[in-house]
Amino acid sequence: MIIRHAARAGRRALAQNPSQLWRRFLSTQTDSFETSAENSFKQLHSLEGQFNATAPIQDAVPSFDPETATSNPLSAQVTESVAEQYHRFKQQQAHIGKIGSDISPHYQPHTLLNNPPAPADVTLELLLASEAHQGHATSLWNPANARYIHGIRQGVHIISLEATAAHLRRAAKVVKEVAKRGGLVLFVGTREGQDRAVARASELAKGYHLFERWIPGSITNGQQILGKCLTKVVNEKDEEIPGFEEQLYDRPVLRPDLVVCLNPLENYVLLHECALNNIPTIGVIDTNADPTWVTYPIPANDDSLRCIQVIAGVLGRAGEAGQKERLTLAENGQVTYRPAENLQLPEALQDKEKAVAAVEEDSELNLDKSLEDADELEDKLDQARNHEIGDHEARGIKKID
Amino acid sequence: MVRGELSRSIWSATEGLFSGARPQCTRTMRLPYRSLQPAARFISTTPSRSAEITSENPELTPDSFTAAPEFEFDMEGEGESEVKVMRNVDKGKSNNQLLRTLRVVPASRSYFSAKPTFNDDFIHVSALLRSVATLPTIPNSEAPRVAWKTVDQYRIMTNEPVKTQRFHRMMHLVKRLNCVHPSLMPEHVRTAMRRFMKDSQPGDIVPVPQVVDEWGRARGVGRRKTSSAVVWLVEGEGEVLVNGKSLSQFFGRLHHRESAVWALKATQRLDKYNMFGLVQGGGSTGQAEALTLAVAKALMVHEPALKPALRRAGCVTRDPRKVERKKTGHIKARKMPTWVKR
């Protein structure tokens, strides 16, 4: 076997030109290098040809011609503007970007913001990967957190991830129910880098965000601090109803119905104000924080942005689910919240309401008489609208008179 | 006396031990103290909040108390029975119907930051920058020149107490947006940036090019210190009139006479143009040098090619220096009182 192999190799070696073989090692000439370069260009051309044949024709990859490129490189640069170059680059990226081996699933930082996990997706693996278990050095601990602590590793407290997951799910349920009942959920994360997570969570939950300093007294002295900020009146489907501006001017400022605080250590004043006003709070409690500051603690690492993004994302998703439920209930004519008190309907809206009510009564009567023709109903509605317009006109004329 | 009481009580106690149950009258009223004492014994210090969601079950009488149902955490539509259901049944009271669906919410997501407009702007700008971050850029020095709003102008626009540092952090992002290559700049980014620009931009005001009128006159206006001069130049033999007087009559000093016609002298056009000037305000130096600038401008209308020569002669640039104001605590603009020991 071995002999046969050796014989074959020897035959092949003899078949090649021995002088050429040895010259490669001995000579100092560069012609062999040039030939190899030419070969590589040929290979490149053939690859491109193959690629153009498989790719859609309208944007074939332009082939690279070394001779023209070397002869007048300046002209090529001048003729091609930056925009053209960029679009070419994008085209090539679209073609070539997928070529290559598949990369196993890995951490992509933007996914936690673009597509945050839902409460159902919370797993111990996710929490561990996002470093939710890392506490602080044992000397810094707050003994009230003893029940959330799994153990000590290298002088650092390790938070029990089971407790984290359980508390996170409970907090998610709270956020969801508050959102479902039309409450104002305020997400607060005032540390550097938490702003995107906070803004994203509030966007999902249709809540409110705060990533700058909490101005002390925004709840207890709200009229002075938030008095200038605008409010609006919405109906159960979250559509804005205009015409209430003058009444809104005199109303007291709004307070959040639930506060989610991602860094309770820096926001003691906020939590204290919430406690004074019976506003429930959710907070990420590290091993050095006091869990009694918040109503619903989530024991987790508040120094890791990744962990904060996971927690904010989960709570945002929970709020999103709650809002969705509320809107589906609103579609069925159910209002899940207590309406605003002391609002008077503006006159313009009152007239409209009356007209609509009249039309609806008419249509109901018609329905009772088993006139279920859709066209007729539409005609009736049109008539009613015309009446309305006529009324308005008549009133306008009277005013002029 | 005391001993007698003690012995009597001991006697009655021993008697009670041996005797049977004494006849008692049946109680007509059970536990009277309940009705006599007030129901609430704990007074809350906080204002009472009425329940957000109330359920009214008329059949539930106080006699039939039952334990609360168990929590069912997996149930999806949990608590739906508690939710006050309001159906649009009564159409006669449609006004109330609409009012019953309304609630007041903040107009902006940044309501609780007390600077809603600024924070919304910041979020908008950072989102825009994220969307165009991969586009090719040009260096800041080559970016289009823009006069950005100052903090104070922005504060006036938004009517919010914006912190200077925060504002500059946002403007840093806006300036980065401005560095996107102009040929690839999306239109919405351009419109978004307009919010942070001043109303008037450098290069907006283009001066109207002056022309020689039908009588062959070119007009030029010049200023210096507090004087201002208007000059008409016509082609001629070198006659000069300033406020109706000849140059030697109007200016006593030789230097002033020379500087008034310096633009013509430096370009050797003194004998080719007639000059008529009106000058007012200031002193003789200011008037003479105001005339210089006016003559130079009028000359450039006749012969635009002379501009480099005039610039070299120092006739094109307006001298912006003015008398500096006097300050309090100073004798003049900058002079301090003499230091006196004690």
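Treat the numbers as computed from the prediction; the structure is a model and nothing was measured.

What counts and what doesn't
- Residues numbered from 1 in each chain as written.
- Chains lettered and ligands numbered in written order.
- Predicted model: local features only at pLDDT ≥ 70, side-chain atom pairs only at ≥ 80, totals over all residues.
- Heavy atoms only, no water.
- Helix = DSSP H or I, 4+ residues; strand = E, 2+ residues; numbered from the N terminus.
- Buried < 20%, exposed > 50% of the residue type's maximum accessible area, 1.4 Å probe, protein only.
- Pairing = 2+ DSSP bridges.
- Axes fitted to C-alpha atoms, helices over the stretch in contact; angles between N-to-C directions.
- Patch = residues over 30% accessible without salt bridge, like charges linked within 9 Å, V, L, I, M, F, W, Y side chains within 5 Å.
- Areas by Shrake-Rupley, 256 points an atom, 1.4 Å probe, with all protein chains shown as cover.
- Salt bridge = Lys/Arg side-chain N within 4 Å of Asp/Glu carboxyl O.
- Lys, Arg positive; Asp, Glu negative; His and termini not counted.
- Charge placed at Lys NZ, Arg CZ, Asp CG, Glu CD.
- Core = buried A, V, L, I, M, F, W, Y, C linked by side-chain atoms within 4.5 Å.
- Contact = heavy atoms within 4.5 Å.

Student: How would you explain unusual backbone geometry if you had to name every residue and give the values?
Tutor: Although it is not a glycine, A:Gln154 adopts a positive phi angle of roughly 50°. Residue position: A:Gln154 is located in the loop between β2 (149–153) and β3 (156–159). Taking the relative accessible area as the measure of exposure, A:Gln154 reaches 70% and is therefore exposed. Phi at B:Lys225 takes a positive value of approximately 50°, unusual for a residue other than glycine. Relative to the helices and strands, B:Lys225 resides in the loop between β2 (218–224) and β3 (227–235).

Student: Now, about the sheet that holds β3(A): what can you tell me, with residues and values included?
Tutor: All names here are of chain A. Strand order in the open sheet formed by 3 strands is β1-β3-β2, and the pairing between neighbours is antiparallel. Each of the sheet's edge strands pairs with one partner strand only, and the pair in question is β1 (134–137) and β2. For this sheet, the mean angle separating the axes of adjacent strands, direction not counted, is 30°. As defined by bridge partners, β1 adjoins β3 across 2 bridges and the pair is classed as antiparallel. Bridged to alanine 137 within β3 is valine 156.

Student: Which residues make up a negative patch on the surface, and what values go with them?
Tutor: On the surface, A:Glu240, A:Glu245, A:Glu246 and A:Asp250 cluster together into a negatively charged patch. Mapped onto the secondary structure, A:Glu245 falls in helix α12 (residues 245–250).

Student: Any chance you could break down the pattern of salt bridges for me, citing the residues and the numbers?
Tutor: Residue and element names in this part refer to chain A. If you walk through the whole model with that rule in mind, you get 22 salt bridges over all chains. In this structure, arginine 200 and glutamate 203 form a salt bridge, with 3.6 Å as the shortest nitrogen-oxygen distance. Taken together, the residues arginine 200 and glutamate 203, both in helix α10 (residues 195–205) and 3 residues apart, mark about one turn of the helix. Judged by relative accessible area, glutamate 203 falls into the partly exposed class, the value being 47%. The salt bridge partner of arginine 326 is aspartate 238, with a shortest N-O separation of 2.9 Å. Of the two residues, arginine 326 sits in helix α14 (residues 305–331) while aspartate 238 sits in the loop between β6 (231–234) and α12, which places them 88 residues apart along the sequence. When its relative accessible area of 1% is taken as the criterion, arginine 326 is described as buried. We classify aspartate 238 as partly exposed; its relative accessible area is 27%. Taken together, the shared-partner salt bridges in this structure form one network comprising Arg191, Glu266, Asp302 and Asp303.

Student: Describe a nonpolar patch on the surface, naming the residues involved and giving the relevant values.
Tutor: Residues and elements named next belong to chain B. On the surface, a nonpolar cluster with roughly 240 Å² of combined accessible area is contributed by Leu241, Phe276 and Leu278. In this fold, leucine 278 is placed in strand β5 (residues 273–280). Its relative accessible area of 39% is what places leucine 278 among the partly exposed residues.

Student: Before we move on, can you summarise the nonpolar core with the specific residues and values?
Tutor: Membership of the largest hydrophobic core comes to 38 residues, with the highest contact counts inside it found for A:Leu186, A:Val233, A:Phe244, A:Leu343 and B:Leu102. If you list the elements that add at least two residues to this core, you get β4 (185–188), β5 (208–210), β6, β7 (258–261) and α13 (268–276) of chain A together with α3 (94–99) and β1 (103–106) of chain B. Tallying contributions element by element places α13(A) first for this core, with 3 residues. When sequence neighbours within four positions are dropped, the list of residues in contact with A:Val233 reads A:Glu239, A:Glu240, A:Ile241, A:Phe244, A:Leu248, A:Leu343, B:Leu102, B:Arg103 and B:Val104. A:Val185, A:Ala197, A:Val260 and A:Ile282 belong to the second-largest nonpolar core, a separate cluster that totals 34 residues.

Student: Could you give me a rundown of the side chain of A:Asp286, with the residues and numbers involved?
Tutor: All names here are of chain A. With respect to the secondary-structure elements, aspartate 286 resides in the loop between β8 (281–285) and β9 (296–299). Of the side chains with opposite charge, arginine 191 comes closest to the buried, unpaired aspartate 286, at an N-O distance of 6.3 Å. The residues touching aspartate 286, leaving out its near neighbours within four places in the chain, are Gln134, Gly135, His136, Asn145, Ile159, Ala300, Asn301, Asp302 and Asp303.

Student: How would you sum up the sheet that holds β5(B)? Please name residues and give values.
Tutor: Residue and element names in this part refer to chain B. Pairing in this open sheet of 4 strands is mixed, and the strands run β2-β3-β5-β4 from one edge to the other. Edge positions in the sheet fall to β2 and β4 (240–242), since each has one partner strand and no second. Looking at each pair of strands side by side, their axes are set apart by 15° on average, direction ignored. Pairing of β3 with β5 involves 8 bridges; the strand directions are antiparallel. When the bridges of β5 are listed, alanine 229 appears paired with valine 279.

Student: Please give an account of the environment of A:Leu254 that cites residues and values.
Tutor: All names here are of chain A. Its location among the elements puts leucine 254 in the loop between α12 and β7. Judged by relative accessible area, which is 15%, leucine 254 ranks as buried. Distance from leucine 254 to cysteine 229, taken between C-alpha atoms, is 9.9 Å for residues 25 residues apart in sequence.

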